[in-house]
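# Inside the fold
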Amino acid sequence: MSQVDSVGVLGAGLMGAGIAQVAAVAGYRTVCRDVSQDALAKAQASIAKSLARFVEKGNLNAADRDAALRHLTFTDDLDAVAHTSLVIEAVTEDLAVKNTLFTDLNVRSPHRTVFASNTSSLTIGAMAVASNRPDRFVGLHFFNPVPLMPLVEVVRGVTTSESTMSAAMEFVQRLGKVPIEARDTSGFIVNLLLVPYLLDAVRALERGAGTVTDIDRGMKLGCGYPMGPFTLLDFVGLDTTMRIGEIMFEEYRETRYAPPPLLKRMVLAGWLGRKSGRGFYDYSQDPPRAMG
């Protein structure tokens, strides 16, 4: 493929908005598309707020902030995204939803357009086939919060061409991120190792190995992790972690990827972590209080 000159982002949620922000800051004409006007409005507001914080902290000058905002377009029109040179999908972690979107997008997009998915657990190959442009399909797995996290996993599917991989790696570097190449296995590199660790922490809590607070402190102070597993689970979202675990268990059939009962019960109760106000910690008070 030729060099990326414009970026389309499918999905205006937390990840989609973050990807759109970093692309616009890097100077790319960026189109963020969502079917929900409310989601688009929230994304636009959150990006403006995030950029303002960067300016306040001296990490971005006002002129570059204004330029980034000019590079951004928010729309519910799929055709507006189809005519960018790189389309990055960041919708719900549902293969059927993603494949329907890629199939529809394929007939609208010119031949040169490359498709990418920000999936954290689904395999790239299944989406590449549905897109009908398997050589121009790649995984670009960003990490939350996208504007702050430096890593992007660039996932090579079995059908991904060398030119597509090269362009994807160059694009990530132009964003100011660090790309690492991962093979197309469910979970890639980071989640392949991280998800069992998080699920094991829940199992340790179930077995009475320690309290939420002590397990978090133990992993922070004993292993040097920036945050404990339960703090991280609440940040990522318990429902998100459970869904990723289910997908990986279906792929590998290894019990270490199977979500434990406590995690399932908390998700059913609506205790999803920070986004719902309660997870392994109760965020209705400051500082948050660990569950009993």
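Coordinates for the structure precede this section.
### Quick word on the pairing of strand E1 (residues 6-10)
Working note: regular strand, side chains alternate between the two faces of the sheet. Taken across its 5 residues, E1 has 5 buried, putting it largely inside the fold. Where burial is concerned, the two faces of E1 agree: the one with Ser6, Gly8 and Leu10 and the one with Val7 and Val9 are both buried. Judged from the 5 bridges that link them, E1 and strand E2 (residues 29-33) form a sheet pairing that is parallel. When the sheet's bridge partners are listed, Val7 is paired in E2 with Thr30. Regarding topology, helix H1 (residues 14-25) serves as the crossover connection from E1 to the parallel E2, and that connection is right-handed.

### Observations regarding the layout of surface pockets
Think of a ball as big as a water molecule: rolled over the atoms, this probe shows where empty space is left. In this model, the second largest pocket occupies a volume close to 190 Å³. Lining the second largest pocket are 13 residues, with Val22, Val25, Phe54, Pro147 and Leu175 positioned closest to its centre. Elements with a minimum of two residues in the lining of the second largest pocket: H1 and helix H2 (37-56). Sorting elements by how many residues they give to the lining of the second largest pocket places H1 first, with 3 residues. Taken together, the residues that form the lining of the second largest pocket break down as 9 nonpolar, 3 polar and 1 charged.

### Examining the environment of Arg33
Along the chain, Arg33 falls in strand E2. A residue is classified by how much of its surface remains accessible, and Arg33, at 14% relative accessible area, is buried. For the pair Arg33 and Ala12, spaced 21 residues apart in sequence, the C-alpha separation works out to 6.5 Å. Those residues within four positions of Arg33 in sequence are excluded, and the remaining contacts are Val9, Leu10, Gly11, Ala12, Leu40, Thr75, Asp76, Asp77, Leu78, Val81 and Leu101. From its side chain, Arg33 meets the backbone oxygen of Asp76 in a polar contact 3.4 Å long.

Procedures and definitions
- Residue numbering note: each chain is counted from 1, following its sequence as written.
- For this predicted model, a pLDDT threshold of at least 70 governs which residues receive local features, and a threshold of 80 or more governs which side-chain atom pairs are given and counted, while totals over whole chains, interfaces and linings are taken from all residues.
- Processing note: side-chain calculations cover all non-hydrogen atoms of the structure and skip hydrogens and water entirely.
- Between buried and exposed lies partly exposed: a residue is buried under 20% and exposed over 50% of the maximum accessible area for its type, with that area taken using a 1.4 Å probe on protein chains only.
- Put simply, DSSP H or I for four residues or longer makes a helix, DSSP E for two residues or longer makes a strand, and each gets a number counted from the N terminus.
- The criterion for strand pairing is that DSSP finds at least two bridges linking the strands in question.
- Whether a crossover is right-handed depends on one test, that the path from the first strand over the helix to the second runs clockwise when the strands point away from the viewer.
- Grid points spaced at 1 Å over the protein atoms alone were grouped into cavities, where a 1.4 Å probe fits but cannot get out, and pockets, open sets with protein on both sides within 12 Å along at least five of seven lines, with lining residues defined by an atom within 4 Å of a point.
- Grid points are joined across faces, edges and corners, and a volume is the space filled by probe spheres set on the points.
- Three classes are used, and their members are as follows: Ala, Val, Leu, Ile, Met, Phe, Trp, Tyr, Cys and Pro are nonpolar, Asp, Glu, Lys and Arg are charged, and the others, Gly among them, are polar.
- Here a residue-residue contact requires only that any non-hydrogen atoms of the pair lie within 4.5 Å.
- Each polar contact in these results corresponds to two N or O atoms within 3.5 Å; when the atoms are within protein, one needs to be able to donate a hydrogen and the other to accept it, and residues that are neighboring in sequence are counted only if both atoms are side-chain atoms.

Purely geometric stuff here, so don't read any function into it on its own.
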